[in-house]
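What follows is the residue order along each chain.
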Amino acid sequence: MRIGIIGGGIGGVALTGCLLQRGFEVRLFERAQGFGEVGAGIQMTPNAVKVMKALGLLDKMLEAGFLPHALVGRNWRTARENFRTPLIDVCPVLYDAPFIHIHRADLHAILASLVSDAVPSFNVNCVGVRHEKNTAVAMFADGTEYEADVIVGADGVRSIVRSELFGAEDPRFTGHMCYRAVVPVGGVVDFVSPDTSFWLGPNGHIVTYYVRGGQAVNIVAVAETRTWVEESWNVASSKSEMLAQFQNWHRNIQTLFDRVEDVYKWGLFDRDPMTSWSKGRVTLLGDAAHPMLPFLSQGAAMAIEDAYVLAAALDGHGRDVASAFRDYEAERLPRTSRVQLEARERGRTYHLPSAFAQAKRDFTYWVRGLFNPQTSGIRANWVYEYDARKFRPNVADKSSRLVA
Ligand SMILES: Cc1cc2nc3c(=O)[nH]c(=O)nc-3n(C[C@H](O)[C@H](O)[C@H](O)COP(=O)(O)OP(=O)(O)OC[C@H]3O[C@@H](n4cnc5c(N)ncnc54)[C@H](O)[C@@H]3O)c2cc1C
């Protein structure tokens, strides 16, 4: 089986690693000049770390990352705790994997350590896919082509492969934009607690957490805006713009923002869940299939889970690509659709504009936390419980049909 993967982001590289470990022949096509992830942090929640563990990459993650003590909700002005979900001691017991903060470039490099130099091709821009009798063909802007048994579009939110399969449609601007920065701090400081902190304010929220063993703090500061005029969704911004946007927020936020050097702003786009991702010998994975708001911190995590399950499905079904895609979608579509929709809903509850609505929400957080802190606050225990390692392709079904 020859498999061609379009896009070398976190999803594409994760899939390449999973397939190589199972002995497939794989080629990866990336339009950039080399692998390069944006300079920002990423939360790897236990569901994604389970896959990293299965790939033998947990030790590298622990070396490069930071283990947050808890997931903490804070009032934007007073820093009062609205909820506290313990993580560091609890996740390995409850979910069989830790919760890790890591720099995106480190995560990408760890996944890429599974991929030998001969597998990726750079500077190749996929412009389309087509089917031949028993193969699929990826076409590139320089006129070259790659023919394979399976082509996977892991080419992000503006996926060419997706529009080739299902028609072109722009992703939806969600009315949110965010500032992203990484601030070197040289170790844990008194104005940033060693947690994943969600500062919830009116019409916006800020997430702060340590990466690189506590040497730096990652900031994601989300604001609502009616318009997003930039063509790109990764635009240079400035410390002064960021401070002005969040000027009345708690002094710890001001102190942290004051240390920012490089800052980028992103418009946040998503799409509605799909009913299918595959046609013939071509399928989708990661943001190409299910772009989502980052409010449950799951975009990359879902891509990593997809990768593990798709590789297992292809491995289990041999040359029967249709059955592999059927099992892949049956396993992944309901889950990623729920995460897409719940992430959208979090945008509303994190940003309640009135003090009364905020007080009601915070009271609910408090009551839930009394019963089970894992179901308070962002309420993502159902996300973390999932275990892609337990997926088994439905090959029994096929043999029973053959017998019948
Ligand atoms: C502010 C913010 C915070 C986030 N925080 C988290 C978090 O904490 N945890 C988490 O799990 N997720 C998080 N995410 C989501 C996560 O970043 C994405 O969901 C994830 O990176 C998607 O990976 P991907 O590989 O599917 O797509 P991408 O990362 O977009 O990769 C696509 C790749 O395909 C290449 N490509 C595109 N078109 C072509 C073409 N035509 N030919 C060849 N190559 C092509 C691109 O160059 C790129 O390398 C966050 C997102 C944002 C915006």
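Read on for an overview of the structure. The structure displayed is predicted, hence computed values, not measured ones. (Residues numbered from 1 in each chain as written. Predicted model: local features only at pLDDT ≥ 70, side-chain atom pairs only at ≥ 80, totals over all residues. Heavy atoms only, no water.)

### Examining the pairing of strand β15 (residues 216-224)
With respect to burial, β15 is a largely interior element, eight of its nine residues being buried. Relative to β15, strand β14 (residues 204-211) is paired through eight bridges, and the arrangement is antiparallel. Note on β15: the bridge partner recorded for Val211 is Ala216. Remark: four residues form the turn of the hairpin made by β14 and β15, two consecutive strands paired antiparallel; Arg212 in that turn has positive phi of roughly 50°. (Buried < 20%, exposed > 50% of the residue type's maximum accessible area, 1.4 Å probe, protein only. Helix = DSSP H or I, 4+ residues; strand = E, 2+ residues; numbered from the N terminus. Pairing = 2+ DSSP bridges.)

### A closer look at the pairing of strand β2 (residues 25-29)
Remember that side chains alternate between the two faces of the sheet whenever the strand is regular. As defined by bridge partners, strand β1 (residues 2-6) adjoins β2 across five bridges and the pair is classed as parallel. Counterpart to Ile3 in the pairing with β2 is Val26. The parallel pair β1 and β2, bridged by helix α1 (residues 10-21), forms a crossover whose chirality is right-handed. Here β2 runs beside strand β7 (residues 120-121); their pairing, made up of two bridges, is parallel. What sits directly across from Leu28, in β7, is Pro120. (Right-handed = clockwise from strand over helix to strand, strands pointing away.)

### Things to note about empty space enclosed by the protein
If a probe as big as a water molecule is rolled over the atoms, it shows which places are left empty. Tallied over the entire structure, the rule returns one cavity of 30 Å³ or more. The wall of the largest cavity is formed by Leu71, Thr85, Gln374, Ser376, Ile378, Arg379, Ala380 and Tyr384. When its residues are assigned to classes, the lining of the largest cavity shows four nonpolar, three polar and one charged. (1 Å grid on protein atoms, 1.4 Å probe; cavity = no way out; pocket = protein on both sides within 12 Å on 5 of 7 lines; lining within 4 Å. Points joined across faces, edges and corners; volume = space filled by probe spheres on them. Nonpolar A, V, L, I, M, F, W, Y, C, P; charged D, E, K, R; others polar.)

### Focus on the pattern of salt bridges
Using the criterion set out here, one finds 24 salt bridges in the structure. Taking the shortest distance from any N to any O, the salt bridge between Arg332 and Glu305 comes out at 2.8 Å. Taken together, the positions of Arg332 in helix α10 (residues 321-350) and Glu305 in helix α9 (residues 299-317) put the pair 27 residues apart, joining distant regions of the chain. In this pair, the class of Arg332 matches that of Glu305, namely buried. Of the charged contacts, one joins Arg389 and Asp387 as a salt bridge, the two residues approaching to 2.8 Å between their closest N and O atoms. We classify Asp387 as buried; its relative accessible area is 13%. (Salt bridge = Lys/Arg side-chain N within 4 Å of Asp/Glu carboxyl O.)

### With respect to the environment of Glu342
Relative to the helices and strands, Glu342 is located in helix α10. Sequence-wise, Glu342 and Leu296 are 46 residues apart; in three dimensions their C-alpha atoms are separated by 7.9 Å. Other than its neighbours up to four places away in sequence, Glu342 contacts Leu296 and Trp382. (Contact = heavy atoms within 4.5 Å.)

### Observations regarding the sheet that holds strand β18 (residues 282-284)
Taken together, the five strands give an open sheet; going across it, the order is β7-β2-β1-β11-β18, and neighbouring strands pair in parallel fashion. The open sheet has two edge strands with one neighbour each: β7 and β18. Relative to β18, strand β11 (residues 150-153) runs parallel, the two being bridged by three bridges. Note that in β18 the partner of Ile151 across the bridge is Val282. Along the sheet face, α1 touches β1, β2 and β11 and points at about 165° away from the line of β2. The strands touched by α10 are β11 and β18; relative to β18, the strand with the most contacts, the crossing angle is about 15°. (Axes fitted to C-alpha atoms, helices over the stretch in contact; angles between N-to-C directions.)

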